Amino acid sequence: MITVESISKYDEKHPIVITIGTFDGVHIGHRKILEKIINHAKNSNLKSAVLTFFPHPRMVLQKDADIKLLNTIEEKKAILEKMGLDILVIHPFTREFSRLSATEFVRDLLVNKLKSKKIIIGYDHRFGRNRNANITDLIAFGNALDFTVEEIPAQEIDEVSVSSTKIRKALKEGDIETANSYLGYEYMLTGTIKKGKGLGRKLGFPTANLVIAESYKMIPKNGSYVVKSNIAEKVVFGMMNIGYNPTVNGTSKTIEIHFFDFDGNLYDTTLRVDILVRLRDEHKFESVEALKEQLEKDKENSLRLIAKMQC
């Protein structure tokens, strides 16, 4: 997959079939559109392309909107590449860009610069300054500028009753099973492993301390989860705690993973953690010994759940 960081840097000559949107989460609803463009490209001598934006438009246009995103840019790239997309254009979203007229956006960018020959879009897509143009306007532009438009009708999208907002809500409530079912894959956290305080090792549960650089990344509700990672080309399961470690009077939020059957050094490596199941809420235990007993129970419960998943 070719990734281009701005429309101004785009220099591919092959005509494309394209869709446009933020696609946060690249969930099963988004895939309706993405699979259409990928399949259409294969059957029509076009390249499949997505035009997306970063920062998220709401981050720019609503300064007080503390929106959390389901994917970092790197995570989104990996998901789209795995789907078989040919070209991803990530355009910087600015106030100046938001003021482009519908004509400037379609004629100058989609047609003249990106070489769009077909646009596949949801029935409710709006674009241009103040989002004042709709699918009818896009079809009219197509007639004038020699590209075709395929509208994905309401019933086809709405039959998958999924939205990024619903997924964020599920994660906020710790409902990882619902979030994963809407996403069509396990929710992931990607970060760098840094040295922690070493408490886990003293308890017999050494942990990898995951630090996520992107402050906009949605972190699920505090608590314990069953997770898996790919380490040295091997799937390794573990249990992860998100929270403040209240038993030892922790003051900062951490993400700590104890991997089963792994004893290597992960410091300063980048790691992706897939979240499988929620085990429990975070608790303040009466003593460190009581915490250790709970961790033993959590491990036992995790291994039982993992065995069930692998059946």
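How each quantity is defined
Residues numbered from 1 in each chain as written. Predicted model: local features only at pLDDT ≥ 70, side-chain atom pairs only at ≥ 80, totals over all residues. Heavy atoms only, no water. Phe/Tyr/Trp six-rings, centres within 6.5 Å; stacked < 30°, edge-to-face > 60°. Helix = DSSP H or I, 4+ residues; strand = E, 2+ residues; numbered from the N terminus. Buried < 20%, exposed > 50% of the residue type's maximum accessible area, 1.4 Å probe, protein only. Pairing = 2+ DSSP bridges. Contact = heavy atoms within 4.5 Å. Axes fitted to C-alpha atoms, helices over the stretch in contact; angles between N-to-C directions. Parallel < 35°, antiparallel > 145°, perpendicular 65-115°, else oblique. Left-handed = near helix turned anticlockwise from the far one by under 90°. Nonpolar A, V, L, I, M, F, W, Y, C, P; charged D, E, K, R; others polar.

(A) Structural context of the packing of aromatic side chains. Counted under the stated rule, the structure contains seven aromatic pairs. Centroid distance Phe53 to Phe97: 5.5 Å. Interplanar angle 45°. Geometry classified as tilted. Within this pair, whereas Phe53 is found in strand S3 (residues 47-54), its partner Phe97 is found in helix H4 (residues 95-98), the two being separated by 44 residues in sequence. Phe97 matches Phe53 in its accessibility class, with the two residues each being buried. Seen in terms of ring centroids, Phe93 and Phe97 are 5.7 Å apart; in terms of plane orientation they differ by 75°. Their pairing is edge-to-face. An identical accessibility class is assigned to Phe93 and Phe97; each is buried. Three or more aromatic residues link up through ring pairs in this structure, and these residues are Phe53, Phe93, Phe97, Phe105 and Phe127.

(B) Expanded view of the pairing of strand S12 (residues 270-280). Burial within S12 is extensive, with nine of its eleven residues counted as buried. Bridge count for strand S7 (residues 188-194) against S12 is five bridges, and the pairing is antiparallel. Residue pairing for S12: Gly191 is matched across the bridge by Leu271. For strand S9 (residues 223-231) and S12, the ladder comprises five bridges, and the chain directions are antiparallel. Bridge pairing in S12 places Val227 opposite Ile275.

(C) Representation of the pairing of strand S8 (residues 208-211). Two elements, S7 and S8, share three bridges in a ladder whose sense is antiparallel. From the neighbouring strand, Thr192 faces S8, where its bridge partner is Val211. In the sheet, S8 pairs with strand S11 (residues 254-259) via two bridges, with the strands oriented antiparallel. Bridge assignment links Asn209 to a residue of S11, and that residue is Glu256.

(D) Summary view of the environment of Leu183. Within the fold, Leu183 resides in helix H9 (residues 176-183). Residues Leu183 and Ala232 lie 49 residues apart in sequence; the distance between their C-alpha atoms is 26 Å. With residues up to four places along the chain from it excluded, the contact list for Leu183 reads Gly25, Val26, His27, Ile28, Arg31 and Ile167.

(E) The arrangement of the packing of helix H1 (residues 28-44) against helix H3 (residues 73-83) in detail. Following both chains from N to C, one finds H1 and H3 inclined at 50°, their axes separated by 11 Å at the closest point. With respect to H3, the element H1 is oriented oblique. The chirality of how H1 crosses H3 is right-handed. Contacts from Arg31, Leu34, Glu35 and Ile38 of H1 reach H3 at Ile79, Leu80 and Met83. When grouped by side-chain class, the residues that make up the contact of H1 with H3 number five nonpolar, no polar and two charged.

(F) Summary view of the sheet that holds S7. Strands sit in the order S7-S8-S11-S10-S9-S12 around a closed barrel of six strands; the barrel is antiparallel. Strand-to-strand twist in this sheet, taken as the mean axis angle between neighbours without regard to direction, amounts to 45°. Across the face of the sheet, H9 comes into contact with S9 and S12 while running at roughly 125° to S12. The strands that helix H11 (residues 288-309) touches are S9, strand S10 (234-243) and S12; relative to S12, the one it contacts most, it runs at about 100°.

(G) The packing of helix H5 (residues 102-113) against helix H6 (residues 135-145), seen in detail. Running from amino to carboxyl end, H5 crosses H6 at an angle of 50°, the nearest separation of the two axes being 11 Å. When the axes of H5 and H6 are compared, the pair comes out oblique. Handedness of the crossing formed by H5 with H6: right-handed. Contacts between H5 and H6 involve Ala102, Thr103, Val106, Arg107 and Val111 from the first element and Leu138, Phe141 and Leu145 from the second. Class assignment of the residues belonging to the contact of H5 with H6 gives a composition of six nonpolar, one polar and one charged.

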